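In case you want the letters, here they are:
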2 protein chains.
Amino acid sequence: MDITKKRIGIIGGGQLGKMMILEAKRLGFYIVTLDPDTDCPSKSISDELIVAALDDVTAFRKLAGKVDVITYEWELINAPALKILEEDGHVIYPSARSLEIIQDKFLQNEALKAAGIPVPDFKKVHSIADLSPGMLKTTKGGYDGKGTALIKTEADIGVAYASLGAGQKPLMLEEFVDFALEISVIACRAINGAKVIYPIAENIHTNSILDTTIVPARISAETEEKALSIAEKVMNVFEGVGTFCVEMFVTKNNDIYVNEVAPRPHNSGHYTIEGCFANQFENHIRAITGLPFGSVGLKQPTVMVNLLGQSDGSAMLIGAEEAYLKDPNIRIHLYGKPQSKKARKMGHFTVIDKIIEGAIERAERAKEIIKVIGT
Amino acid sequence: MDITKKRIGIIGGGQLGKMMILEAKRLGFYIVTLDPDTDCPSKSISDELIVAALDDVTAFRKLAGKVDVITYEWELINAPALKILEEDGHVIYPSARSLEIIQDKFLQNEALKAAGIPVPDFKKVHSIADLSPGMLKTTKGGYDGKGTALIKTEADIGVAYASLGAGQKPLMLEEFVDFALEISVIACRAINGAKVIYPIAENIHTNSILDTTIVPARISAETEEKALSIAEKVMNVFEGVGTFCVEMFVTKNNDIYVNEVAPRPHNSGHYTIEGCFANQFENHIRAITGLPFGSVGLKQPTVMVNLLGQSDGSAMLIGAEEAYLKDPNIRIHLYGKPQSKKARKMGHFTVIDKIIEGAIERAERAKEIIKVIGT
């Protein structure tokens with residue numbers, strides 16, 4: 001079969017789906033997106049859009065009937081439904097099994113720990129009596145800080161417990177890691193098991209949402225080596241095909257703990273669009289269609305800054321002209337979401353420079369100018 | 001007005017239109033394409049497709065009513081119709097006037113010559129009696145070698161004249177330039193007159209169709225400087241907004257002649273997608289929407305090779321897996337044309353390397369493997 005005749009189904013039509021499609025279209029693939037929102041970012045560049053909820057089994061079946069391979073841009077989808085599709089012979093990458101484990105933070109940590117990968121100490125929470133200072137988390141459904149509550153002292157227990165459903169949802173308690181730095185590693189695996197691992201990204205979060213990614217990360221060669229070897233091990237635990245992101249904490253003593261694994265291209269890998277020859281979306285598409293990978297080396301120091309909605313209302317980008325005029329090394333990506341909401345991911349911009357300090361400085365300047373507001 | 005709320009109309013939905021849209025979509029622009037082919041490459045990534053001929057005035061008006069700015073990806077369109085739209089207050093970049101001059105090779109050469117830009121000697125042909133050895137050309141409608149006939153000796157005159165309509169179409173005769181090298185320069189101009197000029201591309205044609213582009217071009221610093229200064233002068237002759245391509249001949253004595261100007265992104269500028277931070281399509285979109293330009297410096301030596309249809313039939317890409325497996329520095333672009341025809345531009349691939357000799361070698365290897373055939 002001509003590889004490019006393959007039809008790709010993508011569950012989720014947000015910015016990650018959109019950026020997958022922008023790469024897939026360079027190779028001429030036919031794309032069917034499934035998303036609940038008729039105005040989702042992927043809409044205008046998908047060949048077909050199935051408007052349905054991300055847990056709609058019937059819609060999943062409809063999608064499967066239209067395409068040769070299914071992937072997803074978001075992990076909070078109906079994993080059991082994917083399993084049924086797999087049993088029916090449909091091809092889904094990453095596999096439903098790896099998704100299922102990753103969706104449950106407790107199972108994820110257990111799998112990582114069993115493979116000898118360092119994770120913060122953790123335990124299941126059966127009742128409020130199990131709580132003590134640490135990071136309280138719902139085992140499922142959390143993202144961007146949602147589904148977590150920090151218990152700094154015993155006095156925080158009641159509020160933290162109540163804020164996460166007071167036992168209505170499965171909870172786990174993790175040791176709080178007083179990290180010096182957050183890093184992430186994007187890696188892809190092919191159907192035949194071949195792997196590529198991208199350069200390490202240093203991530204700065206604000207209010208638990210990614211703000212800035214700096215590449216190369218400002219870590220020692222030793223820490224870099226350790227992080228890459230952990231990422232490699234993680235990829236062997238979750239045997240899925242496609243792009244994964246491994247988020248890690250680095251402590252002051254350069255100990256590394258895996259915080260979370262995502263079975264998809266990741267916000268902290270957006271830098272690869274400008275920073276690498278083959279970006280995380282292109283290699284994801286190559287992986288799931290059976291094509292060998294493109295180069296993942298860093299071409300030049302790169303900084304990525306998220307554009308979060310500053311306020312609610314009809315989305316409006318401001319400052320693009322001024323920022324572009326001041327700096328030709330800036331590139332803005334706008335996801336095409338019609339509505340801005342405070343802290344919603346509306347777009348991002350990337351800056352390059354010959355040296356990382358220069359890229360950081362350019363990014364900081366541009367961040368003061370480029371904004372997405374609601375009007 | 002929020003810049004990204006602008007709606008862009010593109011006349012022509014071929015690969016150049018498609019690649020414009022892939023960049024425009026990164027900034028979230030709304031795109032309406034006009035093309036006669038319901039299966040054109042731009043189709044699946046345009047917000048709307050108006051199916052109409054490239055000289056259909058009514059359809060042009062319909063397009064103008066839907067968008068804030070009109071551009072085109074192809075110069076063989078109805079220039080007088082664009083003029084009428086402009087008179088009605090619609091914004092068209094590049095302007096109908098610059099298109100009109102460029103469409104007529106005789107007017108184009110006259111304008112260039114008047115500005116002191118070196119062009120091959122040329123004259124209008126009124127009858128067969130005007131012919132002598134040289135390059136015979138129709139003044140309008142030629143591309144990729146179509147509309148040209150070489151008169152090597154007096155004996156070729158009859159055949160050449162007959163092959164171009166025997167005087168039914170306006171003809172011109174150009175001095176034949178025995179060039180050592182063909183080069184091209186992509187340049188963009190903004191609404192406010194600001195300009196950027198990309199690195200010089202060295203082009204190798206086979207049967208008058210672009211085969212390979214090598215950047216940096218293998219020319220002396222002196223020739224480079226001369227070519228850039230000529231491109232700059234050409235941009236001042238055609239005062240349009242957007243991306244232009246200036247094709248030039250370089251003789252053994254390093255004399256330079258302008259061969260042709262295209263008022264649009266150009267096949268010889270595809271290398272900018274991987275080779276430069278802001279590629280020719282992104283800067284075209286920035287130009288016509290009033291955004292300042294992104295960096296055009298070369299990031300690394302880059303070679304682009306066209307994938308021409310090898311035979312007629314349903315298009316099939318072969319060799320992608322093998323080529324990718326052998327070389328991670330290759331990236332294939334497939335335009336999504338359902339039908340392959342012999343010598344039709346079906347896609348291209350780009351190779352990068354640290355040194356240009358390496359990129360050329362990789363490209364030559366890949367060229368043996370990657371093919372588009374008709375089945």
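Residues numbered from 1 in each chain as written. Chains lettered and ligands numbered in written order. Predicted model: local features only at pLDDT ≥ 70, side-chain atom pairs only at ≥ 80, totals over all residues. Heavy atoms only, no water.

Outline the sheet that holds strand E6 (residues 134-138) of chain B, supporting the account with residue identities and numerical values.
Residues and elements named next belong to chain B. Strands sit in the order E5-E8-E6-E7 across an open sheet of 4 strands; the sheet is antiparallel. Where the open sheet ends on each side, the last strands, each with one partner, are strand E5 (122-125) and strand E7 (148-151). In this sheet, adjacent strand axes meet at a mean angle of 25° when their direction is disregarded. Alignment of E6 against E7, held across 4 bridges, turns out to be antiparallel. Paired with Gly134 across the bridge in E7 is Ile151. Strands in contact with helix H5 (residues 105-114) are E5, E6 and strand E8 (171-174); relative to E5, the strand with the most contacts, it is inclined by about 150°. (Pairing = 2+ DSSP bridges. Helix = DSSP H or I, 4+ residues; strand = E, 2+ residues; numbered from the N terminus. Axes fitted to C-alpha atoms, helices over the stretch in contact; angles between N-to-C directions. Contact = heavy atoms within 4.5 Å.)

Describe helix H9 (residues 280-289) of chain A, with residues and values.
Counting along an α-helix, one turn takes 3.6 residues, and residues three or four places apart therefore face a common direction. Residue and element names in this part refer to chain A. Among the 10 residues in H9, 10 count as buried, and that is most of the element. Every buried residue of H9 is accounted for by Gln280, Phe281, Glu282, Asn283, His284, Ile285, Arg286, Ala287, Ile288 and Thr289. Once H9 ends, the next one or two residues include Gly290, with phi positive near 85°. (Buried < 20%, exposed > 50% of the residue type's maximum accessible area, 1.4 Å probe, protein only.)

Lay out the interface of chain B and chain A in plain terms, naming residues and giving numbers.
Between chain B and chain A, the contact holds 45 residues from the first and 45 residues from the second. Both faces considered, chain B and chain A share a buried interface measuring about 4100 Å² in area, 55% of it formed by carbon and sulfur atoms. A per-residue breakdown of the area chain B buries against chain A is headed by Arg26(B), Phe277(B) and Arg331(B), which together make up 20% of the total. One can count 6 salt bridges joining chain B with chain A. At the boundary of chain B and chain A, one finds 22 residue pairs in polar contact (both at pLDDT 80 or more). Within the residue set of the side of chain B that touches chain A, elements represented by two or more residues are helix H1 (15-24), helix H8 (272-275), helix H9 (280-288), strand E16 (313-318), helix H10 (320-326), strand E17 (330-334) and strand E19 (345-352) of chain B. At 5 residues, the largest contribution of residues to the side of chain B that touches chain A is made by E17(B). (Buried area = accessible area lost by both parts, 1.4 Å probe. Salt bridge = Lys/Arg side-chain N within 4 Å of Asp/Glu carboxyl O. Polar contact = N/O pair within 3.5 Å; in protein donor to acceptor, adjacent residues only side chain to side chain.)

Can you break down unusual backbone geometry residue by residue, with the values?
At the junction of Val215(A) and Pro216(A), the peptide bond is cis and its omega measures out at 5° in the coordinates. As for its placement among the helices and strands, Pro216(A) is situated in the loop between strand E12 (209-215) and helix H7 (221-237). The residue after Tyr93(B), namely Pro94(B), is reached through a cis peptide bond having omega -10°. By the element assignment, Pro94(B) lies in the loop between helix H3 (79-87) and helix H4 (96-103). Even without a glycine there, the phi angle at Ser208(B) is positive, about 65°. When you line up the elements, Ser208(B) lands in the loop between strand E11 (201-206) and strand E12 (209-215). Phi at Asn254(B) is positive, roughly 65°, even though this residue is not glycine.

Explain the confidence of the model for chain A residue by residue, including any values.
For chain A, the average pLDDT comes to 95, and 100% of its residues sit at 70 or higher. For this predicted complex, the interface confidence score (ipTM) comes to 0.95, while the overall pTM stands at 0.96. (pLDDT = per-residue confidence, 0-100.)

So, the relation of the copies chain B and chain A: which residues are in play, and what are the values?
Least-squares fitting of chain B to chain A yields an RMSD of 0.0 Å, with the transformation described by 0.0 Å of translation along the axis and a rotation of 180°. One copy is carried onto the other by what is essentially a two-fold rotation axis. Minimal C-alpha distance to the rotation axis in chain B is attained by Ile45(B), lying at 2.1 Å. With an isologous cut-off of 70% or more, the 100% of interface residues of chain B that recur at the interface of chain A puts this contact in the isologous class. (Least-squares fit on C-alpha atoms with pLDDT ≥ 70 in both.)

Can you lay out the sheet that holds strand E1 (residues 7-11) of chain B for me, pointing to particular residues and giving the numbers?
Residue and element names in this part refer to chain B. Reading across from one edge, E3-E2-E1-E4 is the order of the 4 strands in this open sheet, with parallel pairing throughout. Each having just a single partner strand, strand E3 (48-51) and strand E4 (69-72) make up the two edges of the open sheet. When the angles between neighbouring strand axes are averaged without regard to direction, this sheet yields 20°. With 4 bridges joining them, strand E2 (residues 30-35) and E3 adopt parallel strand pairing. Bridge assignment links Asp35 to a residue of E3, and that residue is Val51.

Describe the side chain of Thr138(B), listing the residues and the values that go with them.
Residue and element names in this part refer to chain B. By secondary structure assignment, the location of Thr138 is in strand E6. A distance of 3.2 Å separates a polar side-chain atom of Thr138 from the backbone oxygen of Lys140. Residues in contact with Thr138, not counting those within four places in the same chain, are Lys105, Gly147, Leu164, Lys169, Pro170 and Leu171.

If you had to explain the environment of Cys245(A) to someone new, which residues and values would you point to?
Residues and elements named next belong to chain A. Considering the arrangement of structural elements, one finds Cys245 in strand E13 (residues 242-251). Exposure remark for Cys245: the relative accessible area of 1% places this residue in the buried category. If we skip the residues at most four places from it in the chain, Cys245 touches Ser184, Val185, Ile186, Glu260, Val261, Ala262, Arg264, His266 and Ser268.

Provide a residue-level description of the environment of Asn329(B), including the pertinent values.
Residue and element names in this part refer to chain B. Tracing the chain through its elements places Asn329 in the loop between H10 and E17. On the basis of relative accessibility, which here comes to 12%, the residue Asn329 falls in the buried class. On a C-alpha basis, the gap between Asn329 and Ala363 in space is 9.6 Å, while along the polypeptide they are 34 residues apart. A distance of 3.2 Å separates the side chain of Asn329 from the backbone oxygen of Ile352, its partner in a polar contact.

Tell me about the pattern of salt bridges, and please be specific about residues and values.
All names here are of chain B. Using the criterion set out here, one finds 40 salt bridges over all chains in the structure. Among the ionic pairs, Glu361 bridges to Arg365, the shortest N-O distance being 3.7 Å. With Glu361 and Arg365 both in helix H11 (residues 356-369) and 4 residues apart, this pair spans about one turn of that helix. Relative accessible area serves as the criterion here: at 43%, Arg365 is assigned to the partly exposed category.

An account of the side chain of Thr350(B) is requested, with residue identities and associated values reported.
In this structure, Thr350(B) sits in strand E19. With relative accessibility at 0%, the residue Thr350(B) sits in the buried group. Polar side-chain contacts of Thr350(B) include one of 3.0 Å to the side chain of Glu274(B). Excluding residues that lie within four positions of it along the chain, Thr350(B) makes contacts with Phe277(A), Glu274(B), Thr302(B), Val303(B), Met304(B), Asn329(B), Ile330(B), Arg331(B) and His333(B).

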